[in-house]
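The lines below spell out each chain.
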Amino acid sequence: MINHGYEAWVRDFEAERERRAAVGDPEWGRGAVLDPALVRSLQRFQVGEDGDGSALIGKADRAGDPVYAQAVRLFVAEEQNHARMLALLLAAGGAGTLDGHWSDAVFVRLRRLLGLRVELLVLMVAEAVALGYYRAVRDGAPDPLAAEVAGRILADEERHVPFHCRRLHEALTPLPAPARRAATLAWQGMLAGAAVVVAVDHGPALRHLGIRPRRFTADVIRSSGPLVRAMSALPTPAESTLARM
């Protein structure tokens, strides 16, 4: 399916890349004081952000829209920058990174099962969870450097969500209504399951940030409604407010 409506997204990603270069990195030299539970949590999220995105890029290339494929490459570059910043944050706190984690391996395997549509649906689960997580770190981390890094990543994720929602709208619209409904219900179920797993796995860190795991789970699940509605629209780069639910 070829759609030439992604020029604005490419411009948005490129403008953000230029803005990021002009602003520069956080001041890593000031160091960070990170609670051990938060260190373990950030290490797991760093693994999830790290990767070359080759499977997603390959599927985007095969979709037949070179402008969309270019936008996907710029998206992957932002995710890689997240992994870089998290690694530097951990280093500022005297911690290293992990070689891998089971939760990331599960998501990667699910994303690679079928085509671009399934890849994006699974990716959107991770993005929705990430919105809640990085918001919690930004608002609850006692360390200023950790809060700043989380805020920067959250701002990117709030832009990523409408980008993926647009493509999912194009992918789901041709399906019969019952199939669309089944797909979105399955996605909401997957998101609910992922939220529970993250709340349990990252429970000590969430409590350190002042959020009960049950509250985190409920907030993520509640966000699924607006996101499903967004998949039924055609979001533009300016329509990132839906990601702030």
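Residues numbered from 1 in each chain as written. Predicted model: local features only at pLDDT ≥ 70, side-chain atom pairs only at ≥ 80, totals over all residues. Heavy atoms only, no water.

**Details of the overall build of the protein**
For step 1, the next point in the chain: Helix and strand counts for the protein stand at eleven helices and zero strands.
For step 2, the next point in the chain: Walking the protein from its N terminus toward its C terminus, one meets helices and strands in the order α-α-α-α-α-α-α-α-α-α-α.
For step 3, the next point in the chain: Put simply, the protein has 245 residues, and 51% of those count as buried.
For step 4, the next point in the chain: Accessible surface, the protein as shown: approximately 11100 Å² in total, 58% of it carbon and sulfur. (Helix = DSSP H or I, 4+ residues; strand = E, 2+ residues; numbered from the N terminus. Buried < 20%, exposed > 50% of the residue type's maximum accessible area, 1.4 Å probe, protein only. Areas by Shrake-Rupley, 256 points an atom, 1.4 Å probe, with all protein chains shown as cover.)

**Here we look at the confidence of the model for the protein**
Keep in mind that low pLDDT regions are not for reading the predicted coordinates in detail.
For step 1, the next point in the chain: Overall, the prediction assigns the protein a mean pLDDT of 88, with 87% of residues at 70 or greater.
For step 2, the next point in the chain: In the model of the protein, helix α5 (residues 102-111) stands out as the element of lowest mean pLDDT, 56, in contrast to helix α9 (residues 203-208), which has the highest, 97.
For step 3, the next point in the chain: Scored below 50 in pLDDT, residues 241-245 makes twelve contacts in the model with residues more than four places away or belonging to other chains. (pLDDT = per-residue confidence, 0-100. Contact = heavy atoms within 4.5 Å.)

**Brief notes about the environment of G5**
For step 1, the next point in the chain: Positionally, G5 belongs in the segment before α1 (7-23).
For step 2, the next point in the chain: For G5, a relative accessible area of 24% corresponds to the partly exposed category.

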